[in-house]
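# Report on the structure
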Amino acid sequence: MTVIEVQNLRKAYGDTVAVRDVSFSVERGEIFGILGPNGAGKTTTVECVSGLRRGDGGTIRVLGRAPADTELRRLVGVQLQESQLPDKLSGREALELFSSFYPSPADWQALARDLDVPLATRYAKMSGGQKQRLSIALALVGNPEIAILDELTTGLDPQARRHTWGLIEAVRDRGVTILLVTHFMEEAERLCDRLAVIDHGAVVALDTPAGLIAGT
Ligand code: ADP
Ligand code: ADP
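Numbering of residues begins from 1 in every chain and follows the order in which that chain's sequence is written. Key to labels: chains lettered from A, ligands numbered from 1, both in the order written. Selection of residues for local features in this predicted model requires a pLDDT of at least 70, selection of side-chain atom pairs for listing and counting requires 80 or more, and totals for whole chains, interfaces and linings are taken over all residues. For the side-chain quantities, the full set of heavy atoms in the structure was used; hydrogens and water were omitted.

You'll find the protein chain entered in an unreviewed UniProt entry as ABC-2 type transport system ATP-binding protein, with Paractinoplanes atraurantiacus given as the organism. UniProt positions are given in the numbering used here, feature names are shortened, and annotations may be inferred rather than shown by experiment. Quoted verbatim from the Subcellular location (unreviewed entry) heading of the UniProt record, the comment on the protein chain is "Cell membrane".

Laid out in structure tokens, this is it:
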């Protein structure tokens, strides 16, 4: 069953065409990757899928709805590259606050345990990896059907990156469909069931990791 459908998406910022022509669909239960170099249009694409930006052309359906549909806010969890929290909030306060936004939130204490989020530490004092894991926990605290994760391991050391990969696989194993943005081929190869390679705002390949490697 298709849960995300993007057809001929286009988005420009003034004269900069960030997304020229992007189409892909994501099936329930898979980890679908969007791989490409910096500036390729990955973040713009997932911001349009998340309903945070409106495309200039094309169509997007998420669980059969338009991205701006308010019902999707509890069905789709989003962790974006630039999400920032108030420096003073502790891990506990952030998780409590976010879970109060949802009618049937996940058990945030279990999430914090699974993701190794420091509850007593203020956001300003957290390491890069701790901030990253907290933002993943916040994306999952509403018990979403779909999680959108943008560059979740950027800035992490190799060990923390591998640890995070294991966590993402555990999320998928709980039945959450994952749309994952990355510019690391190794990460895409390890995690993704299928992926779209984006360059200069267009999809240049769409296959399984093994198929992509065989085709190059
Ligand atoms: P990626 O996530 O692959 O790095 P982005 O979607 O962030 O790509 O960016 C695609 C292009 O759009 C880049 O040239 C970038 O500079 C430009 N861009 C992204 N966001 C904005 C914005 N808010 N205003 C103007 N240009 C932007
Ligand atoms: P908006 O969606 O209203 O453009 P943003 O916070 O994304 O809000 O961007 C504010 C402004 O900053 C943009 O209009 C753009 O001029 C500039 N900008 C933001 N991100 C980028 C980027 N990646 N590349 C170039 N310009 C950017």
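The rest of the description comes next.
### Let's talk about the site of ligand 1
Taken together, Tyr13, Thr16, Ala18, Pro37, Asn38, Gly39, Ala40, Gly41, Lys42, Thr43, Thr44 and Arg53 make up all the residues around ligand 1. Polar contact is defined as a pair of N or O atoms within 3.5 Å, subject to the rule that within protein one atom must be able to donate a hydrogen and the other to accept it, and that residues adjacent in sequence are counted only when both atoms are side-chain atoms. Take Thr44: an N or O atom from its side chain is 2.5 Å from an oxygen atom of ligand 1. Taken by itself ligand 1 offers 560 Å² of open surface, and the protein chains cover 61% of this. Going along the chain from the N terminus, every DSSP run of H or I of four or more residues is numbered as a helix, and every run of E of two or more is numbered as a strand. Only strand S2 (16-27) and helix H1 (42-50) provide two or more residues apiece to the shell around ligand 1. Being near a molecule or strand, for a residue, means having at least one of its heavy atoms within 4 Å of it. The Shrake-Rupley method, run with a 1.4 Å probe, gives the accessible areas here. Residue values count only the displayed protein chains as cover.

### A word on the confidence of the model for the protein chain
Averaged over all residues, the pLDDT of the protein chain is 93; the fraction at 70 or higher stands at 99%. Prediction confidence for the complex, expressed as pTM and ipTM, is 0.88 and 0.75 respectively. As a per-residue measure, pLDDT tells how confident the predictor is, with possible values from 0 to 100.

### A few points about H1
For the exposure calls, accessible area comes from a 1.4 Å probe over protein chains only, and a residue counts as buried if that area is under 20% of its type's maximum, exposed if over 50%, partly exposed in between. Counting buried residues along H1, eight of its nine residues qualify, which places the element largely inside the surrounding structure. Once H1 finishes, Gly51 follows within two positions and takes phi at roughly 80 degrees, a positive value.

### Some points on the nonpolar core
Ranked by internal contacts, the top residues of the largest apolar core, which has 37 residues, are Leu95, Leu115, Leu134, Ile168, Ile178 and Leu180. Element by element, the count of residues in this core is highest for helix H5 (residues 128-140), at five residues. Contacts are assigned to residue pairs that have any heavy atoms within 4.5 Å of one another. For Leu134, the residues in contact, after removing those within four places along its chain, are Leu85, Gly91, Ala94, Leu95, Val117, Tyr123 and Met126. The criterion is simple. A nonpolar core is a set of buried Ala, Val, Leu, Ile, Met, Phe, Trp, Tyr and Cys residues joined through side-chain atoms within 4.5 Å. Counting residues in hydrophobic clusters, the runner-up holds 27 residues, among them Val22, Ala40, Val46 and Val181.

### Section: H5
To estimate how far a helix should extend, the number of its residues minus one is multiplied by 1.5 Å. An ideal rise of 1.5 Å per residue puts 18 Å on 13 residues; H5 measures up with 19 Å between its terminal C-alpha atoms. Burial of H5 is extensive: ten of the 13 residues sit out of reach of the surface. Among the residues of H5, Gly129, Gln132, Arg133, Leu134, Ser135, Ile136, Ala137, Leu138, Ala139 and Leu140 are the ones counted as buried. Tucked inside the fold, the buried residues of H5 contact strand S5 (76-79), helix H3 (91-99), helix H4 (108-115), strand S6 (146-150) and helix H6 (158-173).

### Points about the environment of Glu187
With respect to the helices and strands, Glu187 occurs in helix H7 (residues 185-191). On the basis of relative accessible area, Glu187 is assigned to the buried category, the value being 0%. A sequence separation of 152 residues divides Glu187 from Leu35, and the C-alpha atoms of the two residues are 9.4 Å apart. Dropping the residues within four chain positions of it, Glu187 is found in contact with Leu152, Thr153, Arg161, Trp165, Leu180, Thr182 and Cys192.

### Topic: the packing of aromatic side chains
Side-chain rings of Phe, Tyr and Trp (the six-membered ring for Trp) are treated as a pair once their centres are within 6.5 Å; stacked means planes under 30 degrees apart, edge-to-face means over 60, and tilted covers the remaining angles. Applying the stated criterion to the full structure yields two aromatic pairs. With 5.1 Å between their ring centres and 15 degrees between their planes, Phe24 and Phe32 make a pair best called stacked. Residue classification places Phe24 among the buried residues on the basis of a relative accessible area of 4%. Residue classification places Phe32 among the buried positions, given a relative accessible area of 0%. Between Phe98 and Phe101, the ring centres sit 5.4 Å apart and the planes meet at 50 degrees, which makes this aromatic pair tilted. Given a relative accessible area of 52%, Phe101 falls into the exposed group. We call a charge positioned over a ring when the NZ of a Lys or the CZ of an Arg lies within 6 Å of the ring centre and within 35 degrees of the ring normal. A cation over a ring is seen here: Lys131 above Tyr123, with NZ or CZ 4.9 Å from the ring centre. The positively charged end of Arg161 is found above the aromatic ring belonging to Phe184, 4.1 Å away from the centroid.

### Concerning the pattern of salt bridges
For this analysis, a salt bridge means a side-chain nitrogen from Lys or Arg found within 4 Å of a carboxyl oxygen belonging to Asp or Glu. By the definition in use, this model includes nine salt bridges. Across the pair Arg28 and Glu145 runs a salt bridge, and its minimum N-O distance is 3.4 Å. You can see Arg28 sitting in the loop between S2 and strand S3 (31-35) and its partner Glu145 sitting in the loop between H5 and S6, a full 117 residues away along the chain. Judged by its relative accessible area of 40%, Arg28 is partly exposed. According to the relative accessible area criterion, Glu145 is partly exposed, its value standing at 31%. Residue Arg190 is joined to Glu169 by a salt bridge in which the shortest nitrogen-to-oxygen separation is 2.8 Å.

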